[in-house]
Amino acid sequence: MKVYAAVDLGASSGRVMVGRVGPGSLELTEAHRFPNRPVRTPEGLRWDILALYAGVLDGLRAAGPALDSVGIDSWAVDYGLLDADGALLGNPVHYRDARTEGVAEKVWATVPAGELYASTGLQYAPFNTLYQLTAARDSAQLASAERLLLIPDLLSYWLTGEQGTELTNASTTQLVDPRTRAWSYDIASRLGIDLGLFAPLRRPGDPAGMLRAEVLEETGLRGPVPVTVVGSHDTASAVAAVPAVEERFGYICTGTWSLAGLELDAPVLTEASRAANFSNELGLDGTVRYLRNIMGLWLLQECVRAWGEPELGELLRAAARVPTLGSVVDAGDAGFLAPGRMPERIADACRASGQPVPESRGEITRCILDSLALAHRRAVGEAQELAGHPVDVVHIVGGGTRNALLCQLTADACGLPVVAGPTEAAALGNVLVQARAHGLVGDLAGMRRLLARTQPSTRYEPRGDTARWRAAEARLAAR
């Protein structure tokens, strides 16, 4: 058996998982979990990157003392800037920071939205790296920067001293051409973005360097320990861990966000695809993650925070007693992006659309889960139509697999069977890319066969017809 550490950083927590892989076997255990708490400073919302790095070191210490490799994945789009000496120029800006408000319109004045989509295939989201860099154009920090590293590449640099830009994560910057799988120099030049800030592109499976002597000493690991490039966008790793075997499948990666869509061989760059706001992000082995971002369990996480952290199980039991589709909101609405006052904002949205206003915690929770299931239905259905790629089953992976009510509602809404699991999909995909670099598993299909044999899952069959969901979808679209 080989032993791998998967550093998996989400928007609300980080974890270091230990994967043990042998011929026909795959085991995953948790070594260390730590919070990811953004900090609001006078300058705006920032990531506490030093606390995250400390959590990574603590996790590697708990995972040791013997590791065959380390891989790192995280959320997308955000970055750190380094000076000429390689020192970090301030804490990375959080994608929920308000600095990109109104920036997209300035970008589109130079490169029209349709042309931008045809070149990069990325959905509009106000926090895309392209818009962040445009917002930062006149800042002293960007003027002083010699290097830009996306979050997992920054942590890898601190561990190894070597710099690179992993491709699946780079594809979320809106600066990569999904057809060539290389930088879009024309778009960057027209917008005044210096692609020389980025380190050379690396691909999953490439070597990323060796743990520095100081890291080995601090963590107690026995060296040498290589760091392996994985699908460093956590969604890329999670989709690689969808346990689909000889199936036409859709997927929903659930957590703070829901990423719902298909795995394709080529991007879909039509105007209809842009109007529907679908992304063409790059995956393993030449694949394209054709998906839509949905606000996800962030809606519920923010309500739970506002309510003083009540027990989640009781909220879900209360929600299960509330009738289906009493009220729904648009779970893709950017109005829910910022933190704070989430229960009131959901109530306001229902009131403004003439629906019954959910009042109790159970009613608000049910509104969120119905809204997410409805958004999952719309994304999976529209992706099939736009890509001409029908599916027979929907796989749910990530934290939402623990939410049986959400999984069942998604099956009901989509009118398709839902297979839920694995929960730690991003970490498993991370581990398997490391194992493949050591020759322990084969291609993407072989990785998925191993997952299907070794990881538990739960199947949810759709209940009844989808007429009520179609009607709710039509009402929401009409507003």
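Residues numbered from 1 in each chain as written. Predicted model: local features only at pLDDT ≥ 70, side-chain atom pairs only at ≥ 80, totals over all residues. Heavy atoms only, no water.

1. A few points about the packing of helix 15 (residues 361-387) against helix 19 (residues 467-478)
The geometry of helix 15 relative to helix 19 is characterised by a closest axis approach of 10 Å and an angle of 90 degrees between their N-to-C directions. Compared by their axis directions, helix 15 and helix 19 come out roughly perpendicular. In contact with Asp370, Ala373, Leu374, Arg377 and Arg378 of helix 15, helix 19 contributes Trp469, Arg470, Ala472, Glu473 and Leu476. When grouped by side-chain class, the residues that make up the contact of helix 15 with helix 19 number 5 nonpolar, no polar and 5 charged. (Axes fitted to C-alpha atoms, helices over the stretch in contact; angles between N-to-C directions. Helix = DSSP H or I, 4+ residues; strand = E, 2+ residues; numbered from the N terminus. Parallel < 35°, antiparallel > 145°, perpendicular 65-115°, else oblique. Contact = heavy atoms within 4.5 Å. Nonpolar A, V, L, I, M, F, W, Y, C, P; charged D, E, K, R; others polar.)

2. Quick look at helix 3 (residues 113-120)
Buried within helix 3 we find Leu116, Tyr117, Ser119 and Thr120. End-on, the buried residues of helix 3 take up no more than an arc of 165 degrees, which puts them together on one face. Count one or two residues on from helix 3 and you reach Gly121, which has phi positive near 70 degrees. (Buried < 20%, exposed > 50% of the residue type's maximum accessible area, 1.4 Å probe, protein only. Arc of directions from axis to C-beta.)

3. Re the environment of Gly220
Inspection of the secondary structure assignment puts Gly220 in the loop between helix 9 (213-219) and strand 14 (226-228). A relative accessible area of 44% places Gly220 in the partly exposed class. In this structure, the C-alpha to C-alpha distance between Gly220 and Tyr79, residues 141 residues apart in sequence, is 29 Å.

4. Quick word on the layout of surface pockets
Within this model, the second largest pocket holds a volume of roughly 440 Å³. Residue lining of the second largest pocket: 25 residues in total, with Asn277, Arg292, Asn293, Gly332 and Asp333 positioned closest to the centre. Of all the secondary-structure elements, those providing two or more residues to the lining of the second largest pocket are strand 18 (288-294) and helix 15. It is helix 15 that contributes the most residues to the lining of the second largest pocket, 5 residues altogether. Counted by class, the lining of the second largest pocket contains 15 nonpolar, 5 polar and 5 charged residues. (1 Å grid on protein atoms, 1.4 Å probe; cavity = no way out; pocket = protein on both sides within 12 Å on 5 of 7 lines; lining within 4 Å. Points joined across faces, edges and corners; volume = space filled by probe spheres on them.)

5. A word on the packing of aromatic side chains
Inspection of the entire model under this criterion finds 10 aromatic pairs. Ring geometry for Tyr95 versus Trp257: centroids 6.2 Å apart, planes at 50 degrees, classification tilted. One end of the pair, Tyr95, is in the loop between strand 7 (79-82) and helix 2 (103-110); the other, Trp257, is in the loop between strand 15 (249-254) and strand 16 (258-264), with 162 residues separating them in the sequence. The exposure classification of Tyr95 matches that of Trp257, with both residues buried. Ring geometry for Tyr124 versus Tyr131: centroids 5.8 Å apart, planes at 65 degrees, classification edge-to-face. Residue classification places Tyr124 among the partly exposed positions, given a relative accessible area of 36%. These aromatic residues form a ring-pair network of at least three members: Trp47, Trp75, Tyr95, Phe127 and Trp257. The aromatic ring of Trp298 is capped on one face by Arg96, whose charged end is 3.5 Å from the ring centroid. (Phe/Tyr/Trp six-rings, centres within 6.5 Å; stacked < 30°, edge-to-face > 60°. Lys NZ or Arg CZ within 6 Å of the ring centre and 35° of its normal.)

6. Some details on empty space enclosed by the protein
Enumeration according to the criterion identifies 1 cavity of 30 Å³ or more in this entry. In this structure, the largest cavity occupies an estimated 90 Å³ of space. The wall of the largest cavity is formed by Ile72, Pro152, Asp153, Ser156, Glu166, Arg202, Ala208, Val227, Thr228, Val229, Val230 and Ser232. Of all the secondary-structure elements, those providing two or more residues to the lining of the largest cavity are helix 6 (151-160) and strand 14.

7. Structural notes on the side chain of Ser13
Position of Ser13 relative to the elements: it lies in strand 2 (residues 13-22). According to the relative accessible area criterion, Ser13 is buried, its value standing at 16%. Polar contacts involving the side chain of Ser13 include one to the side chain of Arg15, which spans 2.7 Å. Ser13 has contacts with Asp8, Arg33, Phe34, Pro35 and Asn36, leaving out every residue within four places of it along the chain. (Polar contact = N/O pair within 3.5 Å; in protein donor to acceptor, adjacent residues only side chain to side chain.)

That is the geometry; function is a separate question.
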